[in-house]
Amino acid sequence: GDNPVMIRTTNEFAGAAQFSNCSFWGPCAENVVIEGTGQVSLSQCNFVHWAFIGDKTNQYSVRHLGGTLMMTACNFREDKPHIFLGPDILGATIFGNRFAGGMKITNNAAEGRVEIGLNLTR
């Protein structure tokens, strides 16, 4: 399609999805898009080659729009927008990750729903 995504959960997603030691190599529009009320865990993952296809001005490696996200020990290898947190998420924990070019996270979540810390920028 016009805006390919490597992993996408839909509005109907209410379960649990766990990805450990995965590499997300594009080219793609976004690596991961999370919707629904379920739980997604990304651990020790590598993210590369997003924002290559389609409207590159508003593309993130990870777009979190619903449910909960646990992200730890992941490596964002490009200096592009990394993570988008939407206003309707149930929660997100983002810690111990590495971000190329500085941490680029857009946080539109309600207060108290997001914990971000102990991340490394290079």
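This text follows the structure it describes.
Reference entry: report on the structure contained in this document.

Reading the values: the criteria
Residues numbered from 1 in each chain as written. Predicted model: local features only at pLDDT ≥ 70, side-chain atom pairs only at ≥ 80, totals over all residues. Heavy atoms only, no water. Phe/Tyr/Trp six-rings, centres within 6.5 Å; stacked < 30°, edge-to-face > 60°. Helix = DSSP H or I, 4+ residues; strand = E, 2+ residues; numbered from the N terminus. Buried < 20%, exposed > 50% of the residue type's maximum accessible area, 1.4 Å probe, protein only. Lys NZ or Arg CZ within 6 Å of the ring centre and 35° of its normal. Pairing = 2+ DSSP bridges. Axes fitted to C-alpha atoms, helices over the stretch in contact; angles between N-to-C directions. Contact = heavy atoms within 4.5 Å. Patch = residues over 30% accessible without salt bridge, like charges linked within 9 Å, V, L, I, M, F, W, Y side chains within 5 Å. Areas by Shrake-Rupley, 256 points an atom, 1.4 Å probe, with all protein chains shown as cover. Salt bridge = Lys/Arg side-chain N within 4 Å of Asp/Glu carboxyl O. Core = buried A, V, L, I, M, F, W, Y, C linked by side-chain atoms within 4.5 Å. Polar contact = N/O pair within 3.5 Å; in protein donor to acceptor, adjacent residues only side chain to side chain.

What follows concerns the packing of aromatic side chains. One pass over the structure, following the stated rule, counts five aromatic pairs. On the numbers, 4.7 Å between centres and 15° between planes, the contact of Phe47 with Phe76 is stacked. Of this pair, Phe47 sits in strand β6 (residues 46-48) while Phe76 is found in strand β9 (residues 75-76), placing the two residues 29 residues apart along the sequence. A single burial state applies to Phe47 and to Phe76, both of which are buried. For the pair Trp50 and Phe76, a centre-to-centre distance of 6.4 Å together with 90° between the ring planes defines the contact as edge-to-face. With Trp50 in the loop between β6 and β7 (62-64) and Phe76 in strand β9, this pair connects stretches of sequence that are 26 residues apart. One exposure class covers both Trp50 and Phe76, and it is buried. A network of ring pairs unites the aromatic residues Phe24, Phe47, Trp50, Phe76 and Phe99 as a single cluster. Between the NZ or CZ atom of Arg63 and the centre of the ring of Phe84, over which it lies, the distance is 5.0 Å.

It is worth spelling out the sheet that holds strand β10 (residues 83-85) at this point. In space, the five strands of this open sheet follow the order β1-β4-β7-β10-β13, with parallel pairing throughout. Among the strands making up the open sheet, the edge pair consists of β1 (5-8) and β13 (105-107). Sheet twist, expressed as the average angle between the axes of neighbouring strands with direction ignored, equals 10°. Sheet topology note: the strand β4 (residues 30-34)/β7 ladder contains three bridges and is parallel. Residue Val32 lies in a different strand from β7, and its bridge partner there is Val62.

Tracing the backbone shows Gly26 in the loop between β3 (23-25) and β4. Judged by its relative accessible area of 24%, Gly26 is partly exposed. Separated by 15 residues in the primary sequence, Gly26 and Asn11 have C-alpha atoms spaced 24 Å apart. In contact with Gly26, not counting residues within four places along its chain, are Met6, Val48 and His49.

Moving on: a nonpolar patch on the surface. Side chains of Met70, Phe95 and Leu118 sit close together on the surface and give an oily, nonpolar patch of about 320 Å² of accessible area. Residue classification places Met70 among the partly exposed residues on the basis of a relative accessible area of 35%.

Of all hydrophobic cores here, the largest spans 26 residues; its most connected members are Leu42, Phe47, Val62, Leu69, Met71, Phe76 and Ile83. Elements with a minimum of two residues in this core: β4, β5 (39-43), β8 (68-72), β10 and β11 (91-95). With near-sequence residues (within four places) excluded, Ile83 lies in contact with Tyr60, Val62, Met71, Phe76, Ile94, Phe99, Lys104, Ile105 and Thr106.

All right, on to the side chain of Glu30 then. Residue position: Glu30 is located in strand β4. For Glu30, a relative accessible area of 8% corresponds to the buried category. Reaching out from Glu30, the side chain makes a polar contact with the backbone nitrogen of Tyr60 at a distance of 3.0 Å. One polar contact links Glu30 to Arg63, side chain to side chain, over a distance of 2.8 Å. In this view, Glu30 contacts Pro4, Val5, Met6, Trp50, Asn58, Gln59, Tyr60, Ser61 and Arg63; residues no more than four positions away in its chain are not counted.

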